[in-house]
Amino acid sequence: MARLADYFVLVGYDPGKRGSRDGQGQILQRFPEKDWEDNPFPQGIELFCQPSGWQLFTERNPPTFFVAVLTDINSERHYCACFTFWEPIDSAQPQSHPRNGDGGEEEEPSSPIQPAQLFAPKSLVLVSRLDHAEVFRNSLGLIYTIYVDGLSVSLENVIGNLLTCTIPITGGAQRTISLGAGDRQVIQTPISDSLPVSSCSVALLFRQLGITNVLYLFCAALTEHKILFLSSSYQRLTDACRALLALMFPLKYSFTYVPILPAQLLEVLSTPTPFIIGVHSIFQSETQELLDVVIADLDGGTVNVPECVHISLLPEPLLQQTREALSMVLDPELEVADLAFPPSTISVSSLKMQDKEIRAVFLRLFAQLLQGYRWCLHIIRIHPEPVIRFHKAAFLGQRGLTEDDFLTKVLEGMAFAGFVTERGAPYRSIDLFDELVAYEVKRMRAEEGNKQKILRHIKELAEKLYKNENPYPAVTMHKVQKPTEGCHLRLHQKPFPRLDEGTVQWIIDQATAKLQTAPPAVKAEKKCMVPSGPPIAAIMERNGNALANSARRLEVVRNCISYVFENKMLEAKKLFPAVLRAMKGRAARHCLTQELNLHVQQNRAVLDHQQFDFIIRMMNCCLQDCTAMDEHGIAAALLPLVTAFCRKLSPGITQFAYSCVQEHVVWTNIQFWEAMFYCDVQNHIRALYLDNSEENHTDEESPEEPQEAKSALEIASEQLRLWPTMSREKQQELIQKEESTVFSQAIHYANRMSYLLLPLDTSKNRLLRSSGLGDMESVSNSFVTNSIAGSVAESYDTESGFEDAESSDVANYVVRFINRFVDKVCTESGVTNEHLKGLHVMIPDIVQMHIETLDAVHRESKRLPPIQKPKLLRPNLLVGEECVMEGLRVYLMPDGREEAAGGSIGGPPLLPAEGAIFLTTYRIIFKGTPTDPLVGEQVVIRSFPIASLTKEKKINVQAQVDQFIQEGLQLRSCTFQLLKIAFDEEVASDSAEIFRKHLHKLRYPQHVRGTFAFTVGQSPKQAMQPKAKEKNPSLRTLSKNLVKNAKKTIGRQYVTRKKYTPPMWEQRGSQHFPEDNEDEISVSEEMDRSTLTPTTTMKPSDKMTINHLVERACCRDYQRLGLGTLSSSLTRSKSEPFRISTVNRMYAICRSYPGLLIVPQSIQDNTIQRISRCYRQNRFPVVCWRNSRTKAVLLRSGGLHGKGVVGLFKSQNAPTAGPSQADSTSLEQEKYLQAVINSMPHYADASGRNTLSGFTSAHMSSSGKWGSIRASGRMSSYGLNVEIGSRLAGKELLGTHHNGTAETGFLRPHRASLYIIGDKSQLKGVKPDPLQHWEVVPIEVFDVRQVKASFKKLMKACVPGCPSTDPSIAYLRSLEESEWLSQIHKILQISVLVVELLDTGSSVLVSLEDGWDITTQVVSLVQLLSDPYYRTLEGFRLLVEKEWLSFGHRFSHRGAQTLAGQSSGFAPIFLQFLDCVHQIHLQFPMEFEFSQYYLKFLSYHYISNRFRTFLLDSDYERIELGLLYEEKGERKSQQVYKSIWDYIDRLNKKAPIFFNYMYAPEDGEVLRPYSNISNLKVWDYYTEETLSEGPSYDWELAQGQPEPVEDADRQDTGAPQTKRKIIWPCYDNRSRVEPDAISKLLEELHNLEMELGQIPERWKDTWDKVKASQRTEARQEGSRTPSSLLMSSGLSHHRRSLGVYLQESGVGSTLNLSLDSDTSSTSTPSSGKPGGRRSTSTLYSQFHTSESENRSYEGSLYKKGAFMKPWKPRWFVLDKTKHQLRYYDSRMDTECKGVIDLAEVESITPGTPTMGAPKTVDEKAFFDLKTTKRVYNFCAQDVPGAQQWIDRIQSCLSDA
């Protein structure tokens, strides 16, 4: 029961207080005079009676009534019902200023004008703690009526009764009261006091502001913003505020709440705390400058949100649903507004009912927002008082609303804190909201979207709310007297009487005494256990799709973990990336923690290093996606695990997982630790009571054991129910038990926190992220005030003094952090002070101990070998190749070639790979496995010969995403490989340095003897160093010794001599050599004459040398070309125009030439000596090839010295330049050239065609293959009338010459017999002499510097160091910028023109640079194009040996093979030549016996230094080292092949890898390839790579590996075995995985022979047989071979690339088996059927009957088989058209058994019967057919038949 009213107050205007215009009020009387004990008198009532201020009015206003609300210091609300009326005041009070009067006049009482009557307000106020507004209105109205109408009722009585009236607070009882004035009122109490009473206020609020505005206000109030209502009605302000509070139920508003704010207190509005305040509209202007207040104008219906305020709205689906529900309630017509026949009546609820419906909508909203909240409550203490915490993070996480602003703010707000305190208790009375949130959530979920059902539910709830306020439908009528109408206007109204305090007080005392004697009314509270409702997980099921999707992922996580624990690391590694990806999902993370839990036995799980590493990585990945709040409890679930998983580092030292997962922000979040702590405490307390109960009732409870375990809240409510029944001791015991439980947990957590906060390396002072550490008080997750915790924490901070500034010591920091935590949780959970102090003492010790154990762990973990690294794979080595340095562990990083990194093509990323780099005497090898576990079984190998290293630079790389930047190396090789490696952390930087030093030493040995080709097989030792002191010995002594020791030299190594090194390229810029070199070059003058005199007989001492020389390649070639045999050079036959000169046999004249040279017959050796001085490096012109048809010769020489040129080409009578040069020399030079010209047979008929253009056109159609005759844009590629010299000079226009016209420039009336191709820069100012028969063609060529530069750019283009930004353009553009192709174009162009000249009968002398670079390229290409012999394997070898090796291309110098060559760098002259050959090969695939692989093989090995063939710069140097003839005589069958040619021969016998199956040359073919850049292709040698085995050019290594692919498939699952192979680009060797058809067949044949036990034939023999049989077929069946058809149609150049662009490969090529060497091919692209068919004609014959063939005559004959075979009858067909005789088994047989080509028949003679011939036949019926191959014996049926056959065959022969 409670008093209806506490105080009755009479407040009036206070005339004495003045000073401002407004007056003030004063309390005239108050009853009771002294305060109630339980309820002191509220202050400031006089302000609230007149909120706008006390003013006097000039007229009487009607009485007003409103209720103001005051809040006292204990936040109790007092409702002040103010009833105000006006009374006149005496006009004799001049000091009161009327509002409209003028002060001056009033002061004159004598004034004739009567001053206006003034009225002052007076208020009757009831102060109550109950909100019964209507009752107060009636009661005060009654008092006013009695006063106004002068009723005969004592006012004192009425007031006394009013103050003593008591009513029940709740329970729904009706109470009728009477105040003793004949009145009667019924007071209705609500059923439940927890539900607010709103009557119609909520509905009114919505009417005034509308749905959206009210929702804004609602959210603003919940998220603690300031809200101000404006209205001109006080009552409305009160209602609006009350409505807003009613909407917030079940949360209670706990900030400033003033529905009516008096004018004097307006400054309250600038308070910083949130509020809900109402203010009269007249003060609207004062509210303008409030920047952070949401202002709702009730009269205008607007809500104004300032810019700086952001109101978080409800989370999305709820917001929309709430809006819809509200509009259904408030505006039911909206639904049917569009209907054609709207229902006639729409039931709109009454205002009171509508009010409840709106509240029902909001009640539902809260039930949805807070559903499942009870599952996140932690009960920390049950006795003496329940202490309950709410786990905010878990709630948000499980609801999936972590990101949601609104809910987060609500949960952090004070209102929710109150909610938890009030509703958290597990045992209490429950109300509508508790039922709704527990039982109706499922229903709300189900009804979502169904408007009818939602509306029904709203109406049900509204019913309940309405019932709560109005439980009884029939309300007894009130009976209260009201004053008469207009009574306030009466003129002569007495003032309100002064009441008699005594009477009132007496009545009150009477009543109080009566109350005290009455028995206390006990309110029977129905307490019960609060239902929890379904757990959140059950509610959130609607994300079903996400769950289904994750089932597979969880499977993967589970499998991976079980693999780890079963130690199947490879399998685990494969799944690992998928697991890490799955960790993005919450379910997978939970799954991980559950799975790991299963593997912990007795709180411990000891793992090996690799398992430990996997588990750590999973944990880290799992945690890195969690926020610091740990909303899904992942960190919480992992917390026990990080102290469980460990590994043994050494005896007694164990490393736990926590030392590896400290990097996460969650560990520094104090809210996380609190939540964890409370969760654990709750579990322990639950266990505490569970154990008790189980001990008590073990027996009875066993049957229903399987029921669900009770939750902590259920246990707590049970305990609370029993609490009052327990004895005092029992209660104490329980309190103590709980307290010690909490205390022990606090110690446990102090330990745990030190584990996760102290870094493994405590010396590092790694401070934890201070984000979470600094301000934990302010962001605390719990709702207990922090004052104690804060103060203790502060005391700790103050103790630490100024240390905190640098916070140097991690330990102190951690101690403080833990102290704060402990203070906070212990004060909240009621730990005794002694215990708390004890904890503070313990914490520093715990931390210190932990640091000590960590030090040991840290020390040991540093010693650990790094784990999870694959074991190093050893590379296969060649015989004799040895490791110089053991493998260093490195990562091979992807470079700019994208394929390996799984780039544009797709496929798994093979790089980066981890493995090791090995340095051997021959190669640098990386071998390892890809880091991507999907290709973990593959092996990646990348290697290149050390000798091919061109650039090495240090780089810094990040090897793996999670690792630091490491130092690395980028090694670039001219075999187009790039090793971009990052050293592993375990590789010390000095090891990397040693690696670089070794590499450098091996790359640039002191001397060529240090290269692999020499050291192979020896243990790697330092090569011999040449003596330093012997400065270049004079050449004189050298040459003398050379001559003397010629015999000894040969076959013995000759090292002591210092080689003559030609000057570096760079010094050769000028045409004159520096003087000292000049001296060396022209030694021949001072030489011992005797050795050089031309002699017909040779000295016996030289015989040996000569024999060796004769066996050299060039000599064999000279004999083949008919350029003189050695015999002819000894016994001169004058008819030969050329002879082999031995003038250079001691390499005296020219160091870089071979020993035997071809010179014109007429030139003496001593002339040669003199001539040689005019040429650079003494390389005088010598013949290297002769055209067998035109007898034109090709000569080569070095460029002329400047002084020689002028003398040679100026007319004879001009003064000679250069003092040292005698006339005789240039005359001798002329003589020499003339001798060359004279050697040509048709030199005489020079009058023939008179111009070059003439002969080019004439020879255009001559046999040979031409390039394209189409005109290209600027000039026709071989335009008919463009004159040759200028074309060679690379000039399109001839006008560039001084004389202006083309004719005088170069053309003669006749064709020159000798063209000298020279360098334009040297031939400046040379005027051609019309008398001579030679012509000089100046051309511009690029020098070696340009080749180097171009090659560098080419390497960067083909093997970029890092991925380019724009792949498509960048590659092609950089390719173009390298100008490599344009250089190749240039070389090909010159070569083709020289071929032309030679083919038309002019000789050519190529005399460019020093005669050993471009000259060599051109000369070799010319021979290759002109002479088919050089296109065979043997011929090409000979060409290279002759032109490149013997004629002194400086391989060692250009390849920078030794220390000396290091500065000059690598110049790929020979590679450029091979590239040109490759271009020609592409255009004429059938002209070469060797395959593209052969060219690649050479280009790889000419720089690899594996063979000695391409070492050193000339034959002279090779002899000097004893290389040239060492194998002679003592050919050891050693494995180490010193010569590349032997190796190739041997390999070629074994396998057809160098052979081109399409080889089908035409006789005497001259090739003229297109050289336009558009016709050139980038050689795939530059771009391809095979990562599975490294470069495939070291054949033994590549072959040695079995194919691991199939085994891997087998051991895998029982999947069906397919034949399908996957070939990865850049990984597999295609030719190995899918060899071409021919290789495959040869291989199968070989295998069959092995199976049958036969000795397998060589592949070559097999191949030749196949070709032979094909040839015969082609003959029998094609009267004209397809190639002749081609020829006749003039399309011969189609053969250039006959549609058979076969895939070139290491092993051969896929192609038609029907290729054949005589006929160009029976499978022209038109034949349509490749391969397996026999030929086109048999194909054709299959579709015809046998009759339709051309059968001139047919019949049966007996034919004798081959030797020792019987006679058999056969059906013969004579075919005139095809000119052949075919035979079949029988007449009907279509399959021809054999063919006799009539072209081969020599004669037909009568024969004689031999053994086994048919007996019955006449002798004369026999006849024989003799062919070039064999004799056939025939026998006809009878003599006339035989005669007939003989005649027919004869006639055929005679026709032909």
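Residues numbered from 1 in each chain as written. Predicted model: local features only at pLDDT ≥ 70, side-chain atom pairs only at ≥ 80, totals over all residues. Heavy atoms only, no water.

Engineer: How would you explain the pairing of strand β13 (residues 293–297) if you had to name every residue and give the values?
Structural biologist: A large share of β13 lies buried, amounting to five of its five residues. Looking at chain direction, strand β10 (residues 226–231) and β13 are connected through five bridges and run parallel. Bridging from a neighbouring strand, K226 pairs with V293 of β13. Inspection of the sheet shows β13 paired to strand β14 (residues 302–304) by three bridges, in the antiparallel sense. Note on β14: the bridge partner recorded for D297 is T302. The hairpin formed by β13 and β14 contains four residues between the paired strands, and G301 there has a positive phi angle of roughly 70°. (Buried < 20%, exposed > 50% of the residue type's maximum accessible area, 1.4 Å probe, protein only. Helix = DSSP H or I, 4+ residues; strand = E, 2+ residues; numbered from the N terminus. Pairing = 2+ DSSP bridges.)

Engineer: Let's hear about the pattern of salt bridges: which residues, and what values?
Structural biologist: One pass over the full model with this rule turns up 68 salt bridges. When salt bridges with common partners are traced through the structure, they connect D1117, R1120, R1196, D1427, K1442 and E1443 into a single cluster. (Salt bridge = Lys/Arg side-chain N within 4 Å of Asp/Glu carboxyl O.)

Engineer: Please give an account of the nonpolar core that cites residues and values.
Structural biologist: Counting 261 residues, the largest nonpolar core has F229 and F645 as the members making the most contacts within it. Beyond its immediate sequence surroundings of up to four residues, F229 is in contact with L205, L217, L237, A240, C241, L244, I276, I277, G278, V279, A296 and L298. In this structure, A1235, V1344, I1469 and F1554 belong to the second largest nonpolar core, which totals 134 residues. (Core = buried A, V, L, I, M, F, W, Y, C linked by side-chain atoms within 4.5 Å. Contact = heavy atoms within 4.5 Å.)

Engineer: If you had to explain the sheet that holds strand β19 (residues 605–607) to someone new, which residues and values would you point to?
Structural biologist: Pairing is mixed in the open sheet, where three strands are placed in the order β19-β20-β21. Each edge of the sheet is formed by a strand with only one pairing partner; in this case those strands are β19 and β21 (653–656). The mean angle between the axes of side-by-side strands here comes to 40°, regardless of whether they run parallel or antiparallel. In this structure, β19 lies alongside strand β20 (residues 645–650), joined through three bridges in parallel fashion. By the bridge assignment for β20, V606 is matched with C646. (Axes fitted to C-alpha atoms, helices over the stretch in contact; angles between N-to-C directions.)

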